[in-house]
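# Structural overview
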Amino acid sequence: MTIEGRPIVLASRKSDLALTQSNWVRAALIKHHPDLEIKIETFVTRGDQILDVALAKVGGKGLFVKELELAISEGRADFAVHSMKDMPAEFPDGLGLVAVPVRHAPYDVLVSREGYTLETLPEGAVVGTSSLRRSVLIKRLRPDVTVRMLRGNVPTRVRRLMEGVFHAIILAEAGLSRLGMVDLRREPLDVNTFIPAVGQGALAIEARLDDRPLLERLDVLNDSATLWTTAAERAFLRQLGGSCQVPIGAHATLLAADPEAPRVLLHGFVASPDGSVWFEDKIEGSPEEAGVALAKRLLDRGARPVIATWSDT
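This section reports on the structure supplied with the text. (Residues numbered from 1 in each chain as written. Predicted model: local features only at pLDDT ≥ 70, side-chain atom pairs only at ≥ 80, totals over all residues. Heavy atoms only, no water.)

## Examining the sheet that holds strand 6 (residues 126–128)
Sheet strands pair by backbone hydrogen bonding; their relative direction is either parallel or antiparallel. Just so we agree on the cut-off: Should DSSP find at least two bridges between two strands, the strands are taken to pair. Strands are runs of DSSP state E lasting at least 2 residues, helices are runs of H or I lasting at least 4, and numbering of each runs from the N terminus. Every axis in this analysis is a line fitted to C-alpha atoms, fitted for helices over the stretch in contact. Angles between the N-to-C directions lie between 0 and 180 degrees. Contact between two residues is taken to exist if any of their heavy atoms lie within 4.5 Å; hydrogens are not considered.
Taking strand neighbours across the sheet as the criterion, the five strands line up as 7-6-8-5-9 in an open arrangement whose pairing is mixed. Each of the sheet's edge strands pairs with one partner strand only, and the pair in question is strand 7 (146–148) and strand 9 (186–188). The sheet shows a mean angle of 30° between the axes of neighbouring strands, taken without regard to direction. When strand 5 (residues 108–111) meets strand 9, the two strands line up antiparallel, connected through three bridges. Within strand 9, the residue paired with Leu-110 across the bridge is Glu-187. On the sheet, helix 4 (residues 132–141) packs against strand 5, strand 7 and strand 8 (168–172) and is oriented at approximately 130° with respect to strand 8. Lying on the sheet, helix 5 (residues 154–162) is in contact with strand 5 and strand 8; it crosses strand 8 at an angle near 160°.

Below is the structure:
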């Protein structure tokens, strides 16, 4: 299958992880549809260019997807592969989430040279992360540690750890496993106490909603369990109206896989950037309803002014 005599163009960032994920999607599609011709086209996003400033100060999640979305909208690309945790809650007109492959591990890991755990980290240890969510969670569990900004791709972050700049860094397990970095000493962080980012561990396939022939081919990538759990998490984020300026986390567990009536248990939180104000709860329900209901519950308890104050800064 080609479009007007040319290969289908898959838009990807240039990082090792992004290209690994894009090549996995390309291989999976060709396995199911051997007639497909897919070319990976790489793009540099604003998030890839700005490496000396915390994400929360320069625009948040959209930093890693806008250039790819523009290429799709303008017809320079046909679809894109994103890490779902980098996706904003809303899509540009004409574009949408059209496939969600099976999710990898959703949890974060504490990576160190010495094999530290949260409990054995030395008092005053320096921990690296660029994520507000990870910052407030680590400080909540270990108030004595010092959190310092750590930007760059996964290999760069690991290299800085090995150079002794940090006692430990916090990364997503899914990224490490996809890159084959399985020998690093790390502690998995419990999703019940170290709540992951919305969609963490999942991939998001974005395309033009009117491209029916391509959408029909992409459908083979869908994993129903991942689709339902991430739908709940993204409904939570969308209803909150939050951004990377506000620490937000959510993790859904599938309770019932009935295609007519799936049910999830959704655990989520929202906090002020310094972690001094905290709202957290769990709820059961259908994916969309659970996400909306949990967000409304936290907003009603007092999260609304927190989000309103910090999302506008």
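Following the structure, the description resumes.
## Looking at the nonpolar core
Heads up, the condition is: In this description, a nonpolar core means a group of buried Ala, Val, Leu, Ile, Met, Phe, Trp, Tyr and Cys residues linked to one another through side-chain atoms lying within 4.5 Å. Think of it in three bands: with a 1.4 Å probe and only protein chains considered, a residue is buried below 20% of the maximum accessible area for its type, exposed above 50%, and partly exposed in between.
Within the largest apolar cluster, 23 residues are counted, with the highest numbers of intra-cluster contacts made by Phe-236, Leu-240, Ile-248, Leu-266 and Val-270. Elements supplying a minimum of two residues to this core: helix 8 (224–240), strand 11 (248–256), strand 12 (263–271), strand 13 (278–285) and helix 9 (287–311). Counting residues per element, this core draws most heavily on helix 9, which supplies eight residues. When near neighbours in sequence (up to four residues on either side) are disregarded, Leu-266 contacts Ala-232, Glu-233, Phe-236, Ala-250, His-251, Ala-252, Asp-281, Lys-282, Ile-283, Ala-290, Gly-291 and Leu-294.

## With respect to the environment of Asp-108
Just so we agree on the cut-off: Polar contact is defined as a pair of N or O atoms within 3.5 Å, subject to the rule that within protein one atom must be able to donate a hydrogen and the other to accept it, and that residues adjacent in sequence are counted only when both atoms are side-chain atoms.
If you trace the backbone, Asp-108 turns up in strand 5. Once the C-alpha coordinates of Asp-108 and Ile-8 are considered, the two residues, 100 residues apart in sequence, prove to be 34 Å apart. Each residue touching Asp-108, except ones within four places of it in the same chain, is listed here: Arg-133, Arg-134, Ile-170, Leu-171, Ala-172, Glu-173, Glu-187, Pro-188, Leu-189, Phe-194, Pro-196 and Gln-200. Looking at Asp-108, its side chain comes within polar contact range of the side chain of Gln-200, at 3.0 Å.

## Brief notes about the pattern of salt bridges
To be explicit about the condition: Within this document, salt bridges are pairs made up of a side-chain nitrogen of Lys or Arg and a carboxyl oxygen of Asp or Glu, the two lying within 4 Å of each other.
A complete count under the given rule lists 19 salt bridges for this structure. As a salt-bridge pair, Glu-233 and Arg-103 come within 2.9 Å of each other at their nearest N and O atoms. On the criterion of sequence distance, the pair formed by Glu-233 in helix 8 and Arg-103 in the loop between strand 4 (95–99) and strand 5 is long-range, its members being 130 residues apart. Arg-103 carries the same exposure label as Glu-233, and that label is buried. Taken together, the shared-partner salt bridges in this structure form one network comprising Arg-13, Lys-85 and Asp-86.

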